[in-house]
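Here is what each chain is made of, one letter per residue.
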Amino acid sequence: MKIVLDTNILAGACLGSYAANRILAACLNGRVVPLIGTALLAEYEDVINRDDVFKKGPLSREERNQVLDALLGVSKWTKTYYRWRPNLRDEADNHVLELAVAGGADYLVTRNLSDFKRSELLFPNLCICLPETLLEELS
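Along each chain, residue indices are assigned from 1 in the same order as the chain's sequence is written. Per-residue local features of the predicted model are confined to residues with pLDDT of at least 70, and side-chain atom pairs are confined, for both listing and counting, to 80 or more; whole-chain, interface and lining totals are unaffected and use all residues. Side-chain measures were taken over the full set of non-hydrogen atoms in the model, leaving aside hydrogen atoms and water.

Student: Break down the nonpolar core for me, with residues and values.
Tutor: Each nonpolar core is a collection of buried residues, namely Ala, Val, Leu, Ile, Met, Phe, Trp, Tyr and Cys, held together in the definition by side-chain atoms within 4.5 Å. The buried label applies to any residue whose accessible area, calculated with a 1.4 Å probe on protein chains only, is under 20% of its type's maximum; exposed applies above 50%, and partly exposed to all values in between. Counting residues in hydrophobic clusters, the biggest one holds 41 residues, and the most contacted among them are I3, V4, L5, Y44, L108, L126 and L134. The residues contacting L134, other than those within four sequence positions of it, are M1, I3, I23, Y107, V109 and C129. The contact criterion used throughout is that any non-hydrogen atoms of two residues lie within 4.5 Å.

Student: Describe in detail the side chain of T78, supporting the description with residues and values.
Tutor: Each helix corresponds to a stretch of at least 4 residues labelled H or I by DSSP, and each strand to a stretch of at least 2 residues labelled E; elements are numbered beginning at the N terminus. In this structure, T78 sits in the loop between β3 (76-77) and α5 (94-102). Residues adjacent in sequence count toward polar contacts only when both atoms are side-chain atoms; beyond that, a polar contact is any pair of N or O atoms within 3.5 Å, and within protein one must be able to donate a hydrogen and the other to accept it. From its side chain, T78 meets the backbone oxygen of K76 in a polar contact 3.2 Å long. Other than its neighbours up to four places away in sequence, T78 contacts L35, I36, G37, L99, A102 and G103.

Student: Describe the sheet that holds strand β1 (residues 2-5), and please don't skip the residues or the numbers.
Tutor: Two strands qualify as a pair provided that DSSP identifies no fewer than 2 bridges between them. In space, the 5 strands of this open sheet follow the order β3-β2-β1-β4-β5, with parallel pairing throughout. Edge positions in the sheet fall to β3 and β5 (127-129), since each of these pairs with one other strand and no more. Here β1 runs beside strand β2 (residues 33-36); their pairing, made up of 2 bridges, is parallel. Of the residues in β2, the one forming a bridge with I3 is P34.

Structural measurements only, silent on function.
Structure representation (structure tokens):
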């Protein structure tokens, strides 16, 4: 099963969210295959290094980068050769949906359902869901 993790799931895992941690564990133990591309990697690196976002979190910057490195170690590199421009409400989210489509992902896991559900383009083979929903599927 291939998935794309929105940046808020990686951040949630670093902040101690139970569901985000369980999804990350599913990636690391091979139960799911996370997809990664250029734009998402740049976004992960940017967010993971924002100390203000994680000031109340349990992990240091170095530890957050170790989490990212572990995730990247099990991720499948996916090139996006075309731009679907699904015209999401938040333009910055378009690349995440495009990566999921390009990689044939089964799930796009996010805490931001409302923005992703308002795409002008529909991709019926892609389930956009909360981490709890994917955890139910993995049970």
